[in-house]
Amino acid sequence: MNPLEPNVDKHLRLEVFEAKFDVKDFVGALSEKLISQSKADPGPFDPKPFIRTFEAAVDKLIAVRKDVQAKTEQMEKSVRVAERDYSKKMAELNRGFEAVGQSFSGMETKMNEVGRTAIRIGEQMESVHQQRQRAQAAYDLIDFYNQFARDDTTRLDAMKKEGKDGRRKVAVLLRRLATVAKEVDLSHSDKTRENIDRYCEKFEKDMLHLFDRAYRRGDPKMMHHCAQTLLDFNGGASCVQVYVNQHDFFISRVRAEGTPNIDPHIWDTLADPDAAPPTTESGLQDLFQEIRTTVGQEAQIVQAVFPNPAFVMQVFLQRVFAQSIQQHLELLVARTTDMRELGFLRILQLVHQLTGILVEDLKAYELPSVIPRSPTDTTEFQRTLKGMSTTNTSNTATAATISTMLETAMEELFIPYTEGQRYLERESTSLGEMYADYLAKFTRYHEVTNKQGKSSMFGRMVDQLSAAAATSPSGGSSTSAQAAAALMRFGGLSSSTTQAAQNPEDPVREEDGVLSVLVAERMLKWHAEAIGRAVELSPANDAPKHTFALLRVLSAAICNSYIETALETLQARLDALDNKSEPSMQPLTVLREVNLISHLWQRYVTMALLPLASSSVTIRREMMVFNNQAVSRIEGATNQAMQKLTDGKCEAGQFELDSRTAIVNWLSAQLAKQKRTDFKPKNDDISFARVNTEPCIACCEMLEKVRDFSKASLNGKNLEVFLTEVGVAFHSLLLEHLKKFPVSATGGLMLAKDLKSYQDVTDSFAIPSLHERFEFIRQLGNVFLVRPDILKSYITEGYLGRIDASLLRPYLAQRSDWGQAEKGFNDDLGGDAGAGGDSRGGMRDRFGMGRLSMIMKDLEPLREQISMPSMPPMPALSSGFASSFANARPARFSSGLAGCTERGEVCVDG
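Worth saying up front: this structure is predicted, and the values here are computed from it rather than measured.

### Digging into the confidence of the model for the chain
For any part of a model where pLDDT is low, the fine detail of the predicted coordinates should not be relied upon.
Item 1. For the chain, per-residue confidence averages 76 on the pLDDT scale, and residues scoring 70 or more make up 75% of the total.
Item 2. Of all secondary-structure elements in the chain, the lowest mean pLDDT belongs to strand β2 (residues 654–656), at 31, while helix α21 (residues 517–537) reaches the highest, 93.
Item 3. Across residues 370–399, where pLDDT falls below 50, the model places 60 contacts with residues more than four positions away in sequence or in other chains.
Item 4. This model gives residues 471–480 a pLDDT under 50, and the stretch forms five contacts once residues within four places in sequence are excluded.

### Re the layout of surface pockets
Item 1. For the second largest pocket, the calculated volume is near 370 Å³.
Item 2. Taken together, 17 residues form the lining of the second largest pocket, with Glu-411, Thr-418, Leu-537, Ser-538 and Pro-539 sitting closest to its centre.
Item 3. Counting only elements with at least two residues in the lining of the second largest pocket, the list comes to α15 (402–418) and α21.
Item 4. Sorting elements by how many residues they give to the lining of the second largest pocket places α15 first, with six residues.
Item 5. When grouped by side-chain class, the residues that make up the lining of the second largest pocket number seven nonpolar, five polar and five charged.

### Focus: the packing of helix α7 (residues 189–217) against helix α9 (residues 237–245)
Item 1. Contact geometry for α7 and α9: axes closest at 10 Å, N-to-C directions at 35 degrees. Pair α7 / α9 crosses with right-handed handedness. Side by side, α7 and α9 meet where Glu-204, Leu-208, Phe-211 and Tyr-215 of the first sit next to Ser-238, Cys-239, Val-242 and Tyr-243 of the second.
Item 2. Taken together, the residues of the contact of α7 with α9 sort by class into six nonpolar, one polar and one charged.

### Concerning the packing of helix α13 (residues 341–362) against α21
Item 1. The geometry of α13 relative to α21 is characterised by a closest axis approach of 11 Å and an angle of 45 degrees between their N-to-C directions. When the axis of α13 is compared with that of α21, the two are oblique. The way α13 lies across α21 gives a crossing that is left-handed. In this structure, α13 uses Leu-342, Leu-345, Arg-346, Leu-348, Gln-349, His-352 and Gln-353 to contact α21, whose residues at the interface are Glu-529, Arg-533, Glu-536 and Leu-537.
Item 2. Here the residues of the contact of α13 with α21 sort into four nonpolar, three polar and four charged.

### Quick word on the side chain of His-352
Item 1. Position of His-352 among the secondary structure elements: in helix α13.
Item 2. Judged by its relative accessible area of 16%, His-352 is buried.
Item 3. Within the structure, His-352 has its side chain in polar contact with the side chain of Glu-536 (distance 3.2 Å).
Item 4. Setting aside its immediate chain neighbours within four residues, His-352 contacts Met-410, Phe-414, Glu-536 and Leu-537.

### A few points about the environment of Pro-810
Item 1. The topology assignment puts Pro-810 in helix α32 (residues 805–812).
Item 2. In this structure the C-alpha to C-alpha distance between Pro-810 and Glu-736, which are 74 residues apart in sequence, comes to 9.8 Å.

### Here's the deal with a positive patch on the surface
Item 1. Where like charges cluster on the molecular surface, the positive patch consists of Lys-77, Arg-80, Arg-84 and Lys-88.
Item 2. Along the polypeptide, Lys-77 turns up in helix α4 (residues 48–149).
Item 3. The exposed category is assigned to Lys-77, whose relative accessible area is 54%.

### A closer look at the nonpolar core
Item 1. Core analysis: the biggest nonpolar cluster contains 186 residues, and Leu-174, Ile-291, Phe-306, Phe-722, Phe-730 and Tyr-758 have the highest contact counts within it.
Item 2. The biggest single contributor to this core is helix α22 (residues 543–575), with 15 residues.

### Describing the environment of Lys-545
Item 1. Among the secondary structure elements, Lys-545 is positioned in helix α22.
Item 2. Overall, Lys-545 belongs to the partly exposed group, its relative accessible area being 36%.
Item 3. Measuring from C-alpha to C-alpha, the distance between Lys-545 and Leu-612 comes to 9.5 Å, with 67 residues separating the pair along the chain.

Rules of the game
Residues numbered from 1 in each chain as written. Predicted model: local features only at pLDDT ≥ 70, side-chain atom pairs only at ≥ 80, totals over all residues. Heavy atoms only, no water. pLDDT = per-residue confidence, 0-100. Helix = DSSP H or I, 4+ residues; strand = E, 2+ residues; numbered from the N terminus. Contact = heavy atoms within 4.5 Å. 1 Å grid on protein atoms, 1.4 Å probe; cavity = no way out; pocket = protein on both sides within 12 Å on 5 of 7 lines; lining within 4 Å. Points joined across faces, edges and corners; volume = space filled by probe spheres on them. Nonpolar A, V, L, I, M, F, W, Y, C, P; charged D, E, K, R; others polar. Axes fitted to C-alpha atoms, helices over the stretch in contact; angles between N-to-C directions. Left-handed = near helix turned anticlockwise from the far one by under 90°. Parallel < 35°, antiparallel > 145°, perpendicular 65-115°, else oblique. Buried < 20%, exposed > 50% of the residue type's maximum accessible area, 1.4 Å probe, protein only. Polar contact = N/O pair within 3.5 Å; in protein donor to acceptor, adjacent residues only side chain to side chain. Patch = residues over 30% accessible without salt bridge, like charges linked within 9 Å, V, L, I, M, F, W, Y side chains within 5 Å. Areas by Shrake-Rupley, 256 points an atom, 1.4 Å probe, with all protein chains shown as cover. Salt bridge = Lys/Arg side-chain N within 4 Å of Asp/Glu carboxyl O. Lys, Arg positive; Asp, Glu negative; His and termini not counted. Charge placed at Lys NZ, Arg CZ, Asp CG, Glu CD. Core = buried A, V, L, I, M, F, W, Y, C linked by side-chain atoms within 4.5 Å.

This is how it looks when you write it as structure tokens:
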């Protein structure tokens, strides 16, 4: 083997492989010097040095591996020997531990037996000790009782002079002696009982005097001793009363009663319903701030002085509420006696809000309610008697929580003003008075307006309620009388209201009787304030009932006294309209305000009032029924006014105008001014110079005015039904109108111009069904323009082809050349008869009129379409024309408005 160089040999040692080993680094280290020499040799590469070096390295590594293997085998043998020794030692140790564990288990069992024996002995000793203490206490009580029987108090006096411990022992003994004296029934026991009572009174006075002196000196330790002693003696109630009665807070408040601190600024606007309710009152704010400061200080003092701080704090706070806060509340309420009820209610709400904030702040001073026992009580005489006075027991019971006491005190503070129906009556009276005053001019205007006619709905309602409220059968009020009296009382209504309206001092003005959404918003704002007070001041269970009662007041004002009164005046004006004068569109503006006010009212009821009654299903259902009934009355009056403004009727096969109508009557009057020569002119040049006839111009102007006013005042289905009613009625008028005037060839052109104007105006209504009707009217007018030879084919095609020929004859008869054209029609009738069959039936078949019965069946869907806004669009064209020619009655507008009654709202957007 070739010898290795030193630098290579060091890389083949065993310690090189014990550390981190890398093959590449190892090979590089062995061949590093060889590579350098190979690079320095200029000749060709010679591998022999590398081969010799690596062969020697391999031999060296084999030798190292053999050494390592030999050492490994030797160490494994040593490890196996050590493991056997270790196993033997562990087995020996386990056996030792098991033996020790068994020993400890035996010792534990014996110790448990000894412990149970010791416990039994301890219990027996405690029982014996308690019996001994009771026996000693009984002996002492009997001894002291005999001393009191002999009127000897020397021993007690000496014990009382021993200091704090002596006084506490005396307190406990006196309490027990008083209990024993009540149970003993022997001779001369009354005298002994008197002696004990007299000494107890003297002891209590001495302790109270000592407590008072310590209180004045500011000695909390002595005060605590006195309080603890009196607690052991009789519960400590007298000590607490002395502490509370002599507190500077109550003394200073009593001195200041003659000059109360009341804010003078809030009284100017307190009773103004439009002014915001007050949020603070300086006198009350100062009082509450002083209470917060005082209670914060007293909480620390009470915990340091009294062993029952929670009870003391309750007594202190009860005095604060019953004296200071209640007195200030009474002073504030007394200032409202000369005001309207609103002033009283706002003051009550203000005090309630501020007091609620004060209560929440005072709840932070919650103190422990556990009353500590006296250390001397462990030896009480006979647990069955307890040795405790009833006062101490009551203190323990009343020491619940300060939070509960504060809530109770706040509730009792407002009971005189909210008990029973007191608050609700005052709230309802306040609303009724405000509404009556606010609507006084409005009511007086409508009373004067309707003075010549029958009495108004408002007056009749008040008179009926007054009569019903005065009814007293059998000496007692009936249910209806009670309800009427309640409505009169809640609404602030009386017969004097109507009398005041009938005897006004100031002249009425037109603007006083105008409906306005702003007025309704103002009334709802007042009502919302009243509802807020009712929810805050009323118990939670009474909130639904009070909400319903205030809803009745609102309904009586905004529905009966406001909306229905205006609608009644509107109907009276419509009744008094002259058919010959152009009707005013002012009723549409009134109906628009009614619509907006009703929607505002219903939205308020739905969003604000009904959720407050969600806790009572019965009251919520009654509110919904009551509200729907009020809406139904408004809808009925509204629909009746709309009918009087637009309605017409068809009876006995001839179209007649209702004597109550306005728009339709006036349109009919304008058409009646049509001259018989308008469509049969003698001078063609003059006729062609005119665009339309005078009745046509007047009717178109009226229809445009109706369109503009209705679109400005109505919307949704109400607008559609109203314009449909006017259009259908005018369509029927035109059908009757065209039967009355002869038409020449030149006059037919004038008639076509008029009909085209009518069609253009009604098309601006944007009602599809009216477009079809007036398209038919236009084509009907064209029968006066076509030549006689094509007349037959014209009436059998298009719109006219769907109408029975017999229904078209009255219009064809107005042609100036009808004498010649009629002969051709009669010839056709005869030919059809000769062909075999009914000549009348042949004529109908010839003109395609065999489906007349089917057409007439379509009348009902068309009529329903007009009367019900929620139905689909108009049916087939033929039904509309057939209904016109069959003299069908136009749809009633009431169906369009009354359809929303079940939903509890006025129909506006369909």
